[in-house]
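Structure at a glance
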Amino acid sequence: MTKSIILLSGGLDSLVSLGLSKEKYNVTLALTFDYGQKSVVQEIQASKKICEYYGIEHKVIRLDWLKDITHTALVSEKELPQGIQDTSKSVWVPNRNGLFLNIAASFADGEDFDYILIGANKEEAETFSDNTKEFIARINAEFEYSTTKQPKVVAPLINYNKNDIVRQALDNDLPLELAYSCYQGSAKNCGICESCTRLKNALLANSDEKYIGILF
């Protein structure tokens, strides 16, 4: 029987990817990565709650060394950029999605998983090259050689922007109240950093003030 892994940060994109795909791909394992990011505690907590909601196994993978070679605001004391802008240099983590997917591919190869799900999407692909269709295609080609299982990476939201993603969550009654999308690591989503701004704008575009009150 087909079974799948998902990369789960606890944010909007990974939550919706899981909610839309759990049954189709038989998602049974979620991987959350601790690389010293400012929001790591909140991301792990959110991911754990999401996994409990969907009844899947949750593993936290520690990558202490990745913080040491990351020199951007996502892990350091540098101030995070506010609002929506080109933040690729300000929050870039070296080869993050490539690394995460390769770790997931090791699980797939060793434990017989068929698919790896990632929350890459159309909107963030405009800023981050590792969210693009081209990246997904290239890493799938890599796994044809680097694994015996040859798992396929799937990005369920690859053709969606944030407005579409929130609409999918609302239409499918997904637990948006569990999402934590903040870069800052505040107790609640800060509503100011780029990731929070994208989420808040998408909620407003869908006329959903209920979740704005819950999440911010």
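Attention in this report is confined to the structure presented alongside it. (Residues numbered from 1 in each chain as written. Predicted model: local features only at pLDDT ≥ 70, side-chain atom pairs only at ≥ 80, totals over all residues. Heavy atoms only, no water.)

Details of helix H2 (residues 40–54)
The criterion, for reference: Segments assigned H or I by DSSP are reported as helices when at least four residues long, segments assigned E as strands when at least two residues long, and all are numbered from the N terminus. The span one expects for a helix is its residue count, reduced by one, times 1.5 Å. Each residue gets one of three labels from its accessible area relative to the maximum for its type: buried under 20%, exposed over 50%, partly exposed in between, using a 1.4 Å probe on protein chains only. Directions from the helix axis toward the C-beta atoms define the arc. A contact between two residues is defined here by any heavy atoms of the two lying within 4.5 Å.
Here H2 contains 15 residues, and its C-alpha end-to-end distance of 21 Å stays within 8% of the 21 Å for a straight helix at 1.5 Å per residue. When we look at burial in H2, the residues that qualify are Val-40, Gln-42, Glu-43, Ala-46, Ser-47, Ile-50, Cys-51 and Tyr-54. Around the axis of H2, the buried residues are gathered within 165° of arc, so they sit on the same side. Residues of H2 that are buried make contact with helix H1 (12–25), strand S2 (27–34) and strand S3 (57–62). Phi for Gly-55, located one or two positions after H2, is positive at around 70°.

Focus on the sheet that holds strand S5 (residues 152–154)
The strands making up a sheet are joined through hydrogen bonds of the backbone, oriented either antiparallel or parallel. Note the cut-off: Being paired, for any two strands, means DSSP has found at least two bridges between them. Every axis in this analysis is a line fitted to C-alpha atoms, fitted for helices over the stretch in contact. Angles between the N-to-C directions lie between 0 and 180 degrees.
Reading across from one edge, S3-S2-S1-S4-S5 is the order of the five strands in this open sheet, with parallel pairing throughout. The open sheet has two edge strands with one neighbour each: S3 and S5. With direction set aside, neighbouring strand axes in the sheet form an average angle of 25°. In this structure, strand S1 (residues 4–7) lies alongside S2, joined through four bridges in parallel fashion. The residue of S2 that forms the bridge with Leu-7 is Leu-31. Lying on the sheet, helix H4 (residues 96–111) is in contact with S1, S2, S3, strand S4 (115–117) and S5; it crosses S1 at an angle near 160°.

Interpretation in functional terms is not warranted from these geometric data alone.
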